[in-house]
Amino acid sequence: MTIRDNLKKGAAEMVILHMLQKEEMYGYQIAHELGELSGGDFTLQEGSMYPTLYRLIEGNYVVDRNEIVNKRLRKYYSITDEGREHLKVLVSEFRAVTAGIERILAE
């Protein structure tokens, strides 16, 4: 696994919760938007995105609902109040770690 893969895996919860702050989204939409907003530098494959979403649901950070769209079942995800608080913690921790790394690299 590359450094990029490890960083993406560690940041997946944070970026998914960030995306869901804006609006309720379905899986493909989340993946597509992440790729678009990052200029292709941050993409999540289904194999890592859905397990992350399921963990977020188990933690009560995200809820899901089903809707029929064009005769197909689509699952929408939305952030909970607990998820908004969890996101604040994740962002704070991320910023602290990246600031520390930047200080190390500046030496």
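Thresholds, definitions, all that
- Along each chain, residue indices are assigned from 1 in the same order as the chain's sequence is written.
- Since the coordinates come from a predicted model, pLDDT governs what is reported: local features require at least 70, and pairs of side-chain atoms require 80 or more to be given and counted, while whole-chain, interface and lining totals use all residues.
- To get the side-chain values, take all heavy atoms of the structure and skip hydrogens and water.
- We count a stretch as a helix when DSSP gives it H or I for four or more residues in a row; a strand needs E for two or more, and each element gets its number in order from the N terminus.
- A simple rule labels every residue: compare its accessible area, found with a 1.4 Å probe on the protein chains alone, to the largest value its type can have, and call it buried under 20%, exposed over 50%, or partly exposed in between.
- Residue contacts are defined here by distance: any two heavy atoms, one from each residue, within 4.5 Å place the two residues in contact.
- Note that accessible areas follow from Shrake-Rupley with a 1.4 Å probe, and for residues the cover is restricted to the protein chains shown.
- Charge counting treats Lys and Arg as positive and Asp and Glu as negative, with His and both chain ends excluded.
- Lys charges are placed at NZ, Arg charges at CZ, Asp charges at CG and Glu charges at CD.
- Here a salt bridge means any side-chain nitrogen of Lys or Arg lying within 4 Å of a carboxyl oxygen belonging to Asp or Glu.
- We call a set of buried Ala, Val, Leu, Ile, Met, Phe, Trp, Tyr and Cys residues a nonpolar core when their side-chain atoms join them within 4.5 Å.
- A fitted line through C-alpha atoms represents every axis, and for helices the fit uses only the stretch in contact; the resulting angles, taken between N-to-C directions, go from 0 to 180 degrees.
- Should an angle lie under 35 degrees it is considered roughly parallel, over 145 roughly antiparallel, and from 65 to 115 roughly perpendicular; all remaining angles are considered oblique.
- Take the far helix as the reference: if the near one is turned anticlockwise from it by less than a right angle, the crossing is left-handed, and if turned clockwise, right-handed.
- All amino acids are sorted into three groups, where Ala, Val, Leu, Ile, Met, Phe, Trp, Tyr, Cys and Pro are nonpolar, Asp, Glu, Lys and Arg are charged, and the leftover types, Gly among them, are polar.

1. With respect to the overall build of the protein
Next up, step 1: A tally of regular secondary structure across the protein gives 4 helices and 3 strands.
Next up, step 2: Traced from its N-terminal end to its C-terminal end, the protein shows the element sequence α-β-α-α-β-β-α.
Next up, step 3: With the C-alpha coordinates of the protein rotated into their principal frame, the extents come out at 60 × 30 × 20 Å.
Next up, step 4: The proportion of buried residues among the 107 residues of the protein is 30%.
Next up, step 5: Intrachain contacts of the protein at a sequence separation of at least 6 include 51% that bridge at least 24 residues.
Next up, step 6: Total accessible area on the protein is roughly 7,400 Å²; 53% of this is exposed by carbon and sulfur atoms.
Next up, step 7: Taking the average location of the 14 positive side-chain charges in the protein and that of its 17 negative ones, the two points are 4 Å from each other.

2. A closer look at the pattern of salt bridges
Next up, step 1: In total, this model carries 5 salt bridges according to the counting rule given.
Next up, step 2: Here R65 makes a salt bridge to E67, at a shortest N to O gap of 2.7 Å.
Next up, step 3: Look at E67 and you get partly exposed, because its relative accessible area is 31%.
Next up, step 4: One salt-bridge network, held together by shared partners, links E24, R65 and E67.

3. Here's the deal with the nonpolar core
What tends to happen in soluble globular proteins is that the nonpolar side chains get buried as a cluster.
Next up, step 1: Within the largest apolar cluster, 21 residues are counted, with the highest numbers of intra-cluster contacts made by I16, L17, L20, I30, L44 and M49.
Next up, step 2: Counting only elements with at least two residues in this core, the list comes to helix 1 (3-22), helix 2 (27-37), helix 3 (46-58), strand 3 (72-79) and helix 4 (81-106).
Next up, step 3: In terms of residues, this core owes the most to one element, helix 1, which gives 7 residues.
Next up, step 4: Here I16 is in contact with I30, L44, M49, T52, L53 and L56, once residues within four sequence places are set aside.

4. Concerning the packing of helix 1 against helix 4
Next up, step 1: Packing of helix 1 against helix 4 brings their axes to within 9 Å, and their N-to-C directions diverge by 130°. Classified by the interaxial angle, the pair formed by helix 1 and helix 4 is oblique. The way helix 1 lies across helix 4 gives a crossing that is left-handed. Contacts from E13, M14, L17, H18 and Q21 of helix 1 reach helix 4 at G83, R84, H86, L87, L90, V91 and F94.
Next up, step 2: Among the residues making up the contact of helix 1 with helix 4, the classes are represented as 6 nonpolar, 4 polar and 2 charged.

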